[in-house]
Amino acid sequence: MKAPHPPTLRVATERWPITGAFTISRGSKTEAEVVVADVSDGIYRGRGECVPYGRYNETAKVVTATIAALAPQVARGLDRAELQDLLPAGAARNALDCALWDLAAKRAGRPVHTLAGVAAPVARVTAYTISLASPNVMADVAARAAGRPLLKLKVGQPGDPERIRAVRAAAPGAELIVDANEGWTAANLAENLAACAAAGVTLVEQPLPAADDAALAGFTHPIPVCADESVHDRGSLARLAGKYDAINIKLDKTGGLTEALALVEAAERAGLMLMVGCMISTSLAIAPALLVASRARVVDLDGALLLARDRPHALRYDESRVHPASPELWG
């Protein structure tokens, strides 16, 4: 069926309340501010969601304007390949890239994974995040979540060894990953990594600031160290050599599913362990990441679980397992 008119682009900013508050080394927030790109040809509609991140000098206002400025190109039939050249990696490109994938799937009557030539997404165990707080508070949260198989601790302030020990004591059977969000220093790196090793932590994310991670080179890692803020797209991989054992792929960093899938291939060739992560967002932003999750050793896609509510046709979380999206949501 031929579309009755050229594709149109709509962009909207939305705010979704978080259950309680979410705290990392850089601060705390009580709501998720997301930007949604919506492309429609009058018959079919594709959507994509992104989360602008201040750490990367992104704001919802600028990201919304950046996407909206491409309305003429969308009307002329903008495709994903052209989009990679028009926008840099980041939140704006992510929302529009995922919207174009969704639209293509709807038009073809086939799921995105088939169009992309990758394995169909399957249910995966996802980490459940414990916000940065005092050791006692984090231990209380961990005790309530002790039945979950994978817990992620947000750290990055003085007293992290005590936090790690307290969580391990409260959840002795859970696999643990630790995320410092650039909050450690070269001076406390060895002490904090030793505490992680003693607690049997599986992986440590971004212990040092991205600009100061040279201290990781030549440093014996008692457990694998994962790049997060230090890696965005394939152009970031070269500087990771000798410093990191793994990378955290987030679509808001790669600038969408297109680059994320290419990054998976490049990282695997480089011998890096894969983790897939997300920002705090609705299920719409997380659904495309499930196509990457099938290749990842560690899955951290609990962003929607931390919201007070989600959008219609949300992803199904069965305790700690996140299930693939329905076509009504995305893909």
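Residues numbered from 1 in each chain as written. Predicted model: local features only at pLDDT ≥ 70, side-chain atom pairs only at ≥ 80, totals over all residues. Heavy atoms only, no water.

## As for the pairing of strand 6 (residues 150-154)
Buried residues dominate strand 6, accounting for 5 of its 5 residues. Residue alternation in strand 6 divides its side chains into two sets, L150, K152 and K154 and L151 and L153, and both sets are buried. Where strand 5 (residues 128-130) and strand 6 come together, 3 bridges link them in parallel fashion. Considered in strand 6, the bridge of Y128 is made with L151. Read from strand 5 through helix 6 (residues 135-144) to strand 6, the crossover connection turns out right-handed. Bridge count between strand 6 and strand 7 (residues 175-179): 5 bridges; the pairing is parallel. (Buried < 20%, exposed > 50% of the residue type's maximum accessible area, 1.4 Å probe, protein only. Helix = DSSP H or I, 4+ residues; strand = E, 2+ residues; numbered from the N terminus. Pairing = 2+ DSSP bridges. Right-handed = clockwise from strand over helix to strand, strands pointing away.)

## Details of the packing of helix 1 (residues 60-68) against helix 4 (residues 91-108)
Following both chains from N to C, one finds helix 1 and helix 4 inclined at 45°, their axes separated by 9 Å at the closest point. As judged from the angle between their axes, helix 1 and helix 4 are oblique. Between helix 1 and helix 4 lies a crossing of right-handed hand. Packed against helix 1, whose contacting residues are V63, T66 and I67, the element helix 4 presents A91, A92 and A95 at the interface. A class-by-class count of the residues in the contact of helix 1 with helix 4 yields 5 nonpolar, 1 polar and no charged. (Axes fitted to C-alpha atoms, helices over the stretch in contact; angles between N-to-C directions. Parallel < 35°, antiparallel > 145°, perpendicular 65-115°, else oblique. Left-handed = near helix turned anticlockwise from the far one by under 90°. Contact = heavy atoms within 4.5 Å. Nonpolar A, V, L, I, M, F, W, Y, C, P; charged D, E, K, R; others polar.)

## Considering the sheet that holds strand 1 (residues 8-24)
Pairing within the open sheet is antiparallel, and its 3 strands lie in the order 1-2-3. Only two strands of the sheet have a single partner each, and these edge strands are strand 1 and strand 3 (45-50). Taken pair by pair, the neighbouring strands of this sheet meet at an average axis angle of 20°, ignoring direction. Summarising the sheet, strand 1 and strand 2 (residues 27-40) pair through 13 bridges and their orientation is antiparallel. Directly across from T13, in strand 2, lies its bridge partner V35. The strands touched by helix 4 within the sheet are strand 1, strand 2 and strand 3, with strand 3 carrying the most contacts at an inclination of about 155°.

## Points about the sheet that holds strand 8 (residues 203-205)
Pairing is parallel across the open sheet formed by 8 strands, whose spatial order is 5-6-7-8-9-10-11-12. Edge positions in the open sheet fall to strand 5 and strand 12 (298-299), since each of these has one partner strand only. By the bridge criterion, 2 bridges tie strand 8 to strand 9 (residues 225-227) in an arrangement that is parallel. Of the residues in strand 9, the one forming a bridge with V204 is V225.

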